Structures are given as C-alpha cells and as structure tokens.
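These are the residues of each chain, in order.
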Amino acid sequence: MGTKIIGTGSYVPKKVVSNTQLESIMDTSDEWIKTRTGITQRYISEEEDTSVLCGKAAMNALEKTGIDPKELGFIIVATMTPDYSSPSTACLVQEYIGAGSVMAFDINAACSGFVYALSVADKLLATGDFRYGLVLGGETMSKIIDWSDRSTAVLFGDGAGSILLEKSSDHAMLLQEDIHADGSRNKALTASKQTLKNPFSSNAKKVCTTDLQMEGRAIFDFALRNVSHSIKKVTEMASIDFSEVTTIICHQANVRILQGIAKKLKLPIEQFATNISQYGNTSAASIPILLNEWIEKEQLTLGSGERIILTGFGGGLTWGSLLIEL
Ligand code: ACO
C-alpha cells in the first residue's frame, strides 16, 4: 500500500509588507534585503493566528478535490508558531474545517517541519485504517520575531500550505527519504523559550527572550553543506539521475542558499522552484505554499508521475529530503 497526493492548497494573510515599508520602521534598505536574501515582500497577519491560516489552506485543498472534511482520517500540522502549546494547532484546525473526531496533532521541526510531517503522514496512511490524510505547514512567524532586530525581522513571513493525501494500491508517492536532526546545534536557532518560573526555581526572576534568535551565517553554511548532501542522497538511494527529477522544492530561506546548493550539485538554478521574493521565509509553510503554486501554474501536475524532491532545513538543527512521485 502506498499514497498519492490528490490536492494541494495555500492561504496567506491579506497584508503585504514591502521592503520599502520596512525601511520606514527599521534601519534597512530594499537593496540590502533583495541582494542578501532575494526577498521583495512578505505577507504579515494582522488578525489570523496559525490555526486560521492552516484552516483556510486546508479548505482550499478540500474544495479543489471535493473531499468532505468528515472523510479525513487524520490532520497533521507542522508549525513552530502554534496558537497555544495546548491545544495543538491541528485540533483547532479540526474544529475550524468541521472534520470529525479524527486524530490531530502538531509536529515541530522548524523549517523542516513539513518534510517531517509528510513522511509521518505517508506511513500512517500506508499502514493505518484511513483513506485520506491532511498535512499542513503553517506559521505566523511575525509573532515571534523581534521587530527591532533588522537581521531577522526582514526575513520572515506568514502563511500556510496544505496537501491532501489518499491511500493508494497502485501508487507510491514516497520513493526515498533522508531525514536528520543534530540536537547538539540547538542554539543556532531558538524561539519562544519557555522559562521555569515556579516559586522554587532560581530562574523565577530571570527575564529570558522569547524572540527568534538565529546564527544566520552558521545556518547558511549548514544549509549549503547538509542540504546539498541530502538532496544528492535521495537520488543515489533511488538509483536515479538528477535529469529524472523535474523540480527541487527547497525550503525558501534565502535565494543565495538555493543558488549555492545548485552550484554545489552542478545543477541549473531553473531546476529549483522559488517564490521567496513574494513570501519571505514562511518556515514550515514554505514548501507546501510553493508546491501548491507550481501546481496552480501548471508547472507540475498531480498524477503525472513526475519525480520531485522536497527539502527542508532549519532550527533543531533539522534537515531532510523526500523524493516523491506526483
Ligand atoms: N539591513 C541592512 N543591513 C543589515 C541587515 C538589514 N536587514 N541585517 C544585517 N545587516 C548588516 C549587518 O549588521 C552586517 O553589518 P556589518 O558588516 O557592519 O557588521 C552586514 O549587514 C552583514 O551581515 P551578515 O549577517 O554577515 O549578512 P549575511 O550576508 O550573512 O546575510 C542572512 C544574513 C540573510 C541572515 C543570511 O546569513 C542567511 O540567510 N542565513 C540563513 C538563514 C536561514 O536559512 N534560516 C533558516 C532557517 S529559519 C527557521 O528554521 C525558522
């Protein structure tokens, strides 16, 4: 038993914030942001939290396929910016879309979250007693950013993307996977630290920052090294050549990272899909938003048998690649 992707969706908040608008609230420039990152604008949520962005991205995929939310077997949300620690964002999505009392849980692997979630969903569907599974990546990065820190504030955006999976007896979506974490490098990217503040703790009076903090250059170097290796590894494990891979959908963190990976793998940059210019880094949402966009633009087609690679990397540190067949 395998799985197949039968629908995709996405949703971003209405408010667009351009680099020029950021110039008016911090010491930065459109030129710096564009040349260092490739970003020209991002969507920022004024009212909608992660569960609402995910709920709307879920409905987008469900409406396209005509599947009733009550037919879903499970809901998984990849996010590092949940509405709450509890309930999970997936439980809130379940209520929002009117699914039945199906299994619903979150996965946090930062910007690799969607790759982790799709891998788990594939195995759940293939072995469990479910017909459909909904996998979401959604973030409101704007709520964990220090808006006075120009080195991180200009990078991120909000949004959500979704994939609807169906169990299949004649199609195996997941051909190979290579997924990792290196917890010894946990300090390279941290956010939303929850401090012990009980009356017995010596931390009680300490003020810890909860804003996102990142060693940008270290992550840049890690991404070039580990992500290139991971992309190559899934093709080697499947004994296929890169010419048999239509498109590489990499987490959208920085266009220079994509260019660096392409160079390292000696691949044309055109083989890498990109939309970072319009969205910024939406963490776990970047891969499903981009996949949905490429399908809507008919650059990729569900059911075509095309092979693509989805690759994520981020806090943890975490990284991973999935070689999948559409
Ligand atoms: N506007 C203007 N100047 C800036 C800005 C800004 N927004 N931000 C930093 N600068 C300045 C710095 O102060 C520094 O000035 P100095 O030379 O006088 O000290 C200069 O620009 C260069 O800064 P660097 O940090 O060296 O710039 P770099 O070229 O490395 O780009 C960046 C920084 C964009 C963060 C890059 O390192 C990067 O993209 N790293 C990867 C980030 C990433 O992938 N995160 C992924 C995971 S996200 C997740 O998991 C949630």
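For the protein chain, the name recorded in an unreviewed UniProt entry is Beta-ketoacyl-[acyl-carrier-protein] synthase III, with Pisciglobus halotolerans as its organism. Recorded in UniProt under Pathway (unreviewed entry), the annotation for the protein chain is "Lipid metabolism; fatty acid biosynthesis." According to the UniProt record, the Subcellular location (unreviewed entry) comment for the protein chain is "Cytoplasm".

Caption draft 1: How the structure looks around the pairing of strand β5 (residues 103–107). When strand β4 (residues 72–78) meets β5, the two strands line up parallel, connected through five bridges. Within β5, the position partnered with A78 by the bridge is I107. Running through helix α4 (residues 89–97), the crossover from β4 to the neighbouring parallel element β5 is right-handed.

Caption draft 2: Representation of the pattern of salt bridges within the structure. Using the criterion set out here, one finds 13 salt bridges in the structure. Across the pair K143 and D49 runs a salt bridge, and its minimum N-O distance is 2.5 Å. Note that K143 is positioned in the loop between β6 (132–140) and α6 (150–153) and D49 in the loop between β3 (41–43) and α3 (50–65), a separation of 94 residues in sequence. Judged by its relative accessible area of 39%, K143 is partly exposed. With a relative accessible area of 24%, D49 lands in the partly exposed category. For K233, the salt bridge is made with D178, and the minimal N-O distance between the two is 3.3 Å.

Caption draft 3: Looking closely at the UniProt feature "active site" (unreviewed entry) in the protein chain. UniProt's feature table lists "active site" (unreviewed entry) at C111, H251 and N281, given in the numbering used throughout. Taken together, the annotated residues stretch across 171 residues yet fold into one region, lying no more than 8.8 Å apart by C-alpha. Of the annotated positions named here, the second largest pocket is lined by C111, H251 and N281. A relative accessible area of 1% means that H251 is categorised as buried. Look past the residues within four positions of H251 in its chain and what remains in contact with it is C111, L258, N281, S283, S286, I287, T311, G312 and F313.

Caption draft 4: Up close: the state of the cysteines. Enumeration over the complete set of coordinates arrives at zero disulfides. The closest cysteine sulfur to the non-disulfide-bonded C54 is located on C91, 13 Å from its own sulfur. Given a relative accessible area of 0%, C54 falls into the buried group. No disulfide involves C250; its sulfur sits 11 Å from the nearest other cysteine sulfur, which is in C111. Given the relative accessible area of 0%, C250 is considered buried.

Caption draft 5: The arrangement of the sheet that holds β5 in detail. The strand order across the open sheet formed by five strands is β1-β7-β6-β4-β5, and the pairing between neighbours is mixed. Among the strands making up the open sheet, the edge pair consists of β1 (2–11) and β5. Each adjacent strand pair in this sheet contributes to an overall mean axis angle of 20°, direction not counted. Strand direction decides the pairing type here: β6 and strand β7 (residues 158–168), joined by nine bridges, are antiparallel. Each residue of the ladder has a partner; that of Y132, found in β7, is E166. Strands β1, β4, β6 and β7 of the sheet are contacted by α3, whose axis makes an angle of about 120° with β1. Set on the sheet, α4 makes contact with β4, β5 and β6; between it and β4 the angle comes to about 130°.

Caption draft 6: A look at the side chain of T89. Tracing the chain through its elements places T89 in helix α4. In this view, T89 contacts T50, S51, V77, T79, P82, D83 and D106; residues no more than four positions away in its chain are not counted.

Caption draft 7: Up close: the domain arrangement of the protein chain. Domain annotation for the protein chain reports domain 1 (2–168) and domain 2 (174–325). For domain 1 versus domain 2, the separation of C-alpha centres amounts to 14 Å. A buried area of about 3600 Å², summed over both sides, lies between domain 1 and domain 2, and 61% of it is on carbon and sulfur atoms. Seen at the junction of domain 1 and domain 2, the total is two salt bridges. In this assembly, domain 1 and domain 2 are joined by 23 residue pairs in polar contact (both at pLDDT 80 or more). Mapped by element, the contributors of at least two residues to the side of domain 1 that touches domain 2 are β1, α2 (30–37), β3, α3, α5 (113–127), β6 and β7.

Quick notes on the rules
Residues numbered from 1 in each chain as written. Predicted model: local features only at pLDDT ≥ 70, side-chain atom pairs only at ≥ 80, totals over all residues. Heavy atoms only, no water. UniProt positions renumbered as here; feature names shortened; annotations may be inferred. Pairing = 2+ DSSP bridges. Helix = DSSP H or I, 4+ residues; strand = E, 2+ residues; numbered from the N terminus. Right-handed = clockwise from strand over helix to strand, strands pointing away. Salt bridge = Lys/Arg side-chain N within 4 Å of Asp/Glu carboxyl O. Buried < 20%, exposed > 50% of the residue type's maximum accessible area, 1.4 Å probe, protein only. 1 Å grid on protein atoms, 1.4 Å probe; cavity = no way out; pocket = protein on both sides within 12 Å on 5 of 7 lines; lining within 4 Å. Contact = heavy atoms within 4.5 Å. Disulfide = S-S within 2.5 Å. Axes fitted to C-alpha atoms, helices over the stretch in contact; angles between N-to-C directions. Domains from an automatic or database assignment. Buried area = accessible area lost by both parts, 1.4 Å probe. Polar contact = N/O pair within 3.5 Å; in protein donor to acceptor, adjacent residues only side chain to side chain.

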